[in-house]
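A closer look at the structure
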Amino acid sequence: MDNQHGFCTATLQNRRTEFGAGICLALFAVGCGMAPPVIDPMAFAAAEMQLVADSQATDLEPKWAPDSKRLSFASDRNGGWTVVIADAESGSQHELTPTVSFVHSTWWSPDGNEIVVSAGVENQRDIFLYRVSVEDGAMRQITTGPIDGAACWSPNGQSIAFVSNRSGSFDLWVVPAE
């Protein structure tokens, strides 16, 4: 489970999906052979929901900013992928990055000034990690692939952990965030 955001990722019927914490506990219990807890579906229906991003595009991988006021997500607007920042209250949005071939994941730095992005640019087949300034969208490549993804910042902001197949299999790596 992702303790920072209260979500977990599970693969069900060959589809990777994020679930709320209550569902995660049920999935964990079933996966461990324990009886799943009773979940009241009406409790989920009664929760207030607000549409934050409404577009004809595909919007994926939402992540909360540390200030809990903004969300980042990948979107296939304008014929390619971009990172979009949305105000969680008003729903106002702006595209942070230029359009690229592929955006897989976004993760906010602890201070909320940058986002680490897993992206393929200029129709490349390789996927690299980039640090992106939230202020101006400037992208700085921090890895060299061939496939680097699933990145997250350390809580102190000094390191970025990620998965890469640079050694021939997908392994966990850490790079300084400097």
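Heads up: these notes are all about the structure in this document. (Residues numbered from 1 in each chain as written. Predicted model: local features only at pLDDT ≥ 70, side-chain atom pairs only at ≥ 80, totals over all residues. Heavy atoms only, no water.)

**Quick look at the overall build of the chain**
Within the chain one finds two helices and 13 strands. Each of the 178 residues in the chain was classed as buried or not, and the buried ones make up 37%. Considering only contacts within the chain whose residues lie at least 6 apart along the sequence, 23% involve residues at least 24 apart. When the accessible surface of the chain is split by element, carbon and sulfur atoms take 54% of a total near 10,700 Å². (Helix = DSSP H or I, 4+ residues; strand = E, 2+ residues; numbered from the N terminus. Buried < 20%, exposed > 50% of the residue type's maximum accessible area, 1.4 Å probe, protein only. Contact = heavy atoms within 4.5 Å. Areas by Shrake-Rupley, 256 points an atom, 1.4 Å probe, with all protein chains shown as cover.)

**Let's talk about the sheet that holds strand E9 (residues 128-133)**
Across the sheet, which stays open at both edges, the four strands sit in the order E7-E8-E9-E10 with antiparallel pairing between neighbours. The open sheet has two free edges, formed respectively by strand E7 (102-108) and strand E10 (139-141), since each of these has just one partner strand. Each adjacent strand pair in this sheet contributes to an overall mean axis angle of 30°, direction not counted. (Pairing = 2+ DSSP bridges. Axes fitted to C-alpha atoms, helices over the stretch in contact; angles between N-to-C directions.)

**Observations concerning the pairing of E7**
With five of seven residues buried, E7 lies mostly within the body of the structure. In this structure, E7 lies alongside strand E8 (residues 114-120), joined through six bridges in antiparallel fashion. The residue of E8 that forms the bridge with Ser105 is Ser118. Here E7 hands over to E8 after five residues, with Gly112 in that stretch at a positive phi of 75°.

**Examining the pattern of salt bridges**
For the structure shown, the criterion picks out four salt bridges. Glu61 is the partner of Lys63 in a salt bridge, and the nearest nitrogen-oxygen pair spans 3.4 Å. With relative accessibility at 8%, the residue Lys63 sits in the buried group. Taking the relative accessible area as the measure of exposure, Glu61 reaches 23% and is therefore partly exposed. With a shortest N-O distance of 2.3 Å, Arg131 and Glu114 are connected by a salt bridge. Of this pair, Arg131 sits in strand E9 while Glu114 is found in strand E8, placing the two residues 17 residues apart along the sequence. For Arg131, a relative accessible area of 10% translates into the label buried. (Salt bridge = Lys/Arg side-chain N within 4 Å of Asp/Glu carboxyl O.)

**Overview of the side chain of Ser109**
With respect to the helices, strands and loops of the structure, Ser109 is situated in the loop between E7 and E8. The exposure class of Ser109 is buried, given its relative accessible area of 2%. Side-chain polar atoms of Ser109 contact the side chain of Asp111, separated by 2.6 Å. In this view, Ser109 contacts Pro66, Glu114 and Trp153; residues no more than four positions away in its chain are not counted. (Polar contact = N/O pair within 3.5 Å; in protein donor to acceptor, adjacent residues only side chain to side chain.)

**Quick notes on the nonpolar core**
Within the largest apolar cluster, 17 residues are counted, with the highest numbers of intra-cluster contacts made by Val103, Ile115 and Val117. Where this core is concerned, the elements lending two or more residues are strand E5 (82-87), E7, E8 and E9. Leaving out residues up to four positions away in the same chain, Ile115 has contacts with Ser72, Ile85, Leu96, Thr106, Trp107, Trp108, Tyr130, Arg131, Val132, Val134 and Trp153. Counting residues in hydrophobic clusters, the runner-up holds 10 residues, among them Val116, Ile142, Trp153 and Val175. (Core = buried A, V, L, I, M, F, W, Y, C linked by side-chain atoms within 4.5 Å.)

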